[in-house]
Amino acid sequence: MGIIGAGPAGLLLSRLLQLHGVDTVVLESRSRDYVEARVRAGILEQHTVQTLRDVGVGERLDREGLPHDGIYLQHPGTRHHLNFEELCGRKVWVYGQTEVVKDLITAQLDDGPPLLFGVSHVTPEDVDGGAPRIRFTDADGVAQVLECDVVAGTDGFHGVSRPLVTAGTSGRLWERTYPFAWLGILADVAPSADELVYAWHPEGFALLSMRSPSVSRLYVQVDPAEKIEDWSDDRIWDALSTRLAVDGWSLRTGPVTEKSILPMRSFVSAPMRRGRLFLAGDAAHIVPPTGAKGLNLAVADVTLLAQALVRLLTEKQTDLVDTYSDKALARVWRCTHFSWWMTSMLHRHGDDFDAELQLSQLRRVCSSEAAARELAENYTGLAVDL
Ligand SMILES: Cc1cc2nc3c(=O)[nH]c(=O)nc-3n(C[C@H](O)[C@H](O)[C@H](O)COP(=O)(O)OP(=O)(O)OC[C@H]3O[C@@H](n4cnc5c(N)ncnc54)[C@H](O)[C@@H]3O)c2cc1C
């Protein structure tokens, strides 16, 4: 099994397959240091946590991860707690994607199959036949060929795999680019709330999140054309303090250690398979981060894919690989809708009419148990196989 990309999807797929006796080789174009330092997602659904425990990499997560019973939803004057445990019997965990990736890399390098960093010119070939291969150049500049039974394209949005699937199938792409972006910071300061705060505000959305008891992760909605150089730390803290304000509460500030602007888009590519090349994670779909779904979707994809590949490679049965794309896409579209819905409800866009519709929806979620439960079930994660 050749796996292209050592993000969460590729690393977890390798681990799942290794535990079922399938040999894998993971090819990653970046260095280990780069991959382990890339700050991205930080909220894990219950099924993601259980999957990481099941494959033997849950020990540090259970020690250092922060279980959260719910989130706060805010609009001016009101901060309302949604208790997921009470609404649907599930919770979420705060544990950075960087930490998930570090744990998976350590496991892979300790006792697992090969993981090659710094490769280039990665080119899958003959994926329509029964014996595909991947040509690549290793970190020493030597041209190599990996002969394999199956190729997994877990190489993210800018990888080489999806264009190959699109070119060889009568596939379709759907895309929505949002007229706003997130300016995100990491700061060495204890979080100012015990759980995440999602705040609607006339000046734009803000999110208070965290990575640990001493590190805060915060975001403000900005125009996608904004330049990070124009946002001093003071300006960011001012915007956060204004948008997150509520009576009797104040925002703790501290040294900013990272800041960046993240454009927001929804993107789905179907099918997620061409012959013996299978896509999973961001290689096939992107969601805006408002619903905290990107990393969790990648985990759900590879959970389904691993089951299908084990059946193909050890039992020679094609039934699960034949249904993989449709099953994965059913969940992808559910999460795409949820992420779009959260994004549309919470970000300022349009005119005053749109603002009143957003506020009406927020009040409904905060006052109706049925509406709150719908959010809770989606946020904490639906079944992997819908
Ligand atoms: C800047 C940013 C911020 C984000 N913030 C959040 C957030 O706050 N909350 C949230 O829920 N989600 C967030 N996400 C989404 C989440 O991080 C992704 O959904 C998740 O990383 C998907 O994992 P993946 O393994 O599918 O892809 P990736 O993590 O992108 O991994 C793909 C890997 O493939 C490698 N690769 C690419 N091309 C090649 C090639 N040709 N050959 C070999 N290797 C290759 C890449 O270097 C990378 O290591 C964010 C994403 C980005 C980009």
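Residues numbered from 1 in each chain as written. Predicted model: local features only at pLDDT ≥ 70, side-chain atom pairs only at ≥ 80, totals over all residues. Heavy atoms only, no water.

**So, the layout of surface pockets**
And then number 1: Space inside the second largest pocket adds up to approximately 230 Å³.
And then number 2: Lining the second largest pocket are 16 residues, with Thr98, Glu99, Leu186, Arg211 and Val215 sitting closest to its centre.
And then number 3: The element that contributes the greatest number of residues to the lining of the second largest pocket is helix α6 (residues 97-111), accounting for three residues.
And then number 4: When the residues that make up the lining of the second largest pocket are grouped by side-chain class, the tally is five nonpolar, four polar and seven charged. (1 Å grid on protein atoms, 1.4 Å probe; cavity = no way out; pocket = protein on both sides within 12 Å on 5 of 7 lines; lining within 4 Å. Points joined across faces, edges and corners; volume = space filled by probe spheres on them. Helix = DSSP H or I, 4+ residues; strand = E, 2+ residues; numbered from the N terminus. Nonpolar A, V, L, I, M, F, W, Y, C, P; charged D, E, K, R; others polar.)

**Regarding the pairing of strand β5 (residues 70-75)**
And then number 1: Burial within β5 is extensive, with six of its six residues counted as buried.
And then number 2: Of the pairings in the sheet, the one linking β5 to strand β6 (residues 78-83) comprises six bridges and is antiparallel in character. Its bridge partner being in β6, tyrosine 72 is matched across the sheet by histidine 81.
And then number 3: Linking β5 back to β6 in an antiparallel pair, the connection comprises two residues, with glycine 77 at a positive phi of about 90 degrees. (Buried < 20%, exposed > 50% of the residue type's maximum accessible area, 1.4 Å probe, protein only. Pairing = 2+ DSSP bridges.)

**Some words on helix α10 (residues 319-346)**
Given 3.6 residues per turn, any residue in an α-helix points the same way as the ones three and four places further on.
And then number 1: Taking 1.5 Å per residue, 28 residues should reach 40 Å; α10 reaches 41 Å between its end C-alpha atoms and fits that length.
And then number 2: Maximal helix bending in α10 amounts to about 35 degrees, located at serine 325. (Expected span 1.5 Å × (residues − 1). Bend = angle between axes of the 7 residues up to and from the residue.)

**Quick word on the environment of histidine 201**
And then number 1: Relative to the helices and strands, histidine 201 resides in the loop between β14 (197-199) and β15 (206-212).
And then number 2: Counting along the chain gives 147 residues from histidine 201 to arginine 348, while the straight-line C-alpha distance between them is 7.4 Å.
And then number 3: Contacts of histidine 201, omitting those with residues within four sequence positions, involve Thr242, Arg243 and Arg348.
And then number 4: Among the polar contacts made by the side chain of histidine 201, one reaches the main-chain amide nitrogen of glutamate 203 at a distance of 3.0 Å. (Contact = heavy atoms within 4.5 Å. Polar contact = N/O pair within 3.5 Å; in protein donor to acceptor, adjacent residues only side chain to side chain.)

**Considerations on helix α1 (residues 8-19)**
And then number 1: Spanning 12 residues, α1 covers 17 Å between terminal C-alpha atoms, matching the ideal 16 Å at 1.5 Å per step.
And then number 2: Counting buried residues along α1, 10 of its 12 residues qualify, which places the element largely inside the surrounding structure.
And then number 3: For α1, the complete set of buried residues consists of Pro8, Ala9, Gly10, Leu11, Leu12, Leu13, Ser14, Arg15, Leu16 and Leu17.
And then number 4: Glycine 21 lies just past α1 and shows a positive phi near 80 degrees.

**Some points on the site of the ligand**
And then number 1: The ligand sits among 30 residues. The nearest are Ala9, Glu28, Arg38, Gln97 and Asp282.
And then number 2: Alanine 9 places a polar main-chain atom, nitrogen or oxygen, 2.9 Å from an oxygen atom of the ligand.
And then number 3: Contact between the ligand and leucine 295: an oxygen atom at 3.5 Å from a main-chain N or O atom of the residue.
And then number 4: Protein coverage of the free-state accessible area of the ligand, which is 1,000 Å², stands at 84%.
And then number 5: Counting residues per element, the ones that place at least two in the shell around the ligand are α1 and α9 (294-315).
And then number 6: By residue number, the principal contributor to the shell around the ligand is α9, which donates three residues.
And then number 7: Residues of the shell around the ligand, tallied by class, amount to 14 nonpolar, nine polar and seven charged. (Near = heavy atom within 4 Å. Areas by Shrake-Rupley, 256 points an atom, 1.4 Å probe, with all protein chains shown as cover.)

**As for the sheet that holds strand β2 (residues 25-27)**
And then number 1: Read from one edge to the other, the open sheet built from six strands follows the order β8-β2-β1-β12-β19-β18, with strand pairing classed as mixed. Sheet topology places β8 (115-116) and β18 (273-274) at the edges, where each strand pairs with a single neighbour.
And then number 2: Where helix α7 (residues 161-168) meets the sheet, its contacts fall on β1 (2-4), β12 (151-153), β18 and β19 (277-279), and the angle it forms with β19 comes to roughly 115 degrees. (Axes fitted to C-alpha atoms, helices over the stretch in contact; angles between N-to-C directions.)

**Section: the pairing of β15**
And then number 1: Among the seven residues of β15, seven are classified as buried, and the element is accordingly described as predominantly covered.
And then number 2: Note: β14 against β15, three bridges, orientation antiparallel. Directly across from valine 197, in β15, lies its bridge partner leucine 208.
And then number 3: Between the end of β14 and the start of β15, which pair antiparallel, lie six residues, with glycine 204 showing a positive phi angle near 130 degrees.
And then number 4: Here β15 pairs with strand β16 (residues 215-222) via six bridges, running antiparallel. Among the inter-strand pairings, serine 212 is bridged to a residue of β16, identified as valine 215.
And then number 5: Counting the residues between successive antiparallel strands, the hairpin from β15 to β16 contains two residues.

**A look at the side chain of glutamine 97**
And then number 1: Here glutamine 97 is to be found in helix α6.
And then number 2: Classification of glutamine 97 as buried rests on a relative accessible area of 10%.
And then number 3: The residues touching glutamine 97, leaving out its near neighbours within four places in the chain, are Pro8, Arg40, Ala41, Gly42 and Leu295.

**Considering the packing of aromatic side chains**
And then number 1: Evaluation of the coordinates by the stated rule reveals 10 aromatic pairs.
And then number 2: Consider the rings of tyrosine 198 and phenylalanine 205, whose centres lie 6.2 Å apart with planes at 35 degrees: the pair is tilted.
And then number 3: Residue tyrosine 198 is classed as buried on the basis of its relative accessible area, which comes to 2%.
And then number 4: Each residue in the set Phe84, Trp182, Tyr198, Phe205, Tyr219 and Tyr379 is aromatic and connected to the rest through ring pairs, giving one cluster.
And then number 5: When the ring centre of tyrosine 34 is taken as reference, the NZ or CZ atom of arginine 30 above it lies at 4.1 Å.
And then number 6: Above the face of the tryptophan 249 ring, arginine 79 is positioned so that its terminal group lies 4.3 Å from the ring centre. (Phe/Tyr/Trp six-rings, centres within 6.5 Å; stacked < 30°, edge-to-face > 60°. Lys NZ or Arg CZ within 6 Å of the ring centre and 35° of its normal.)

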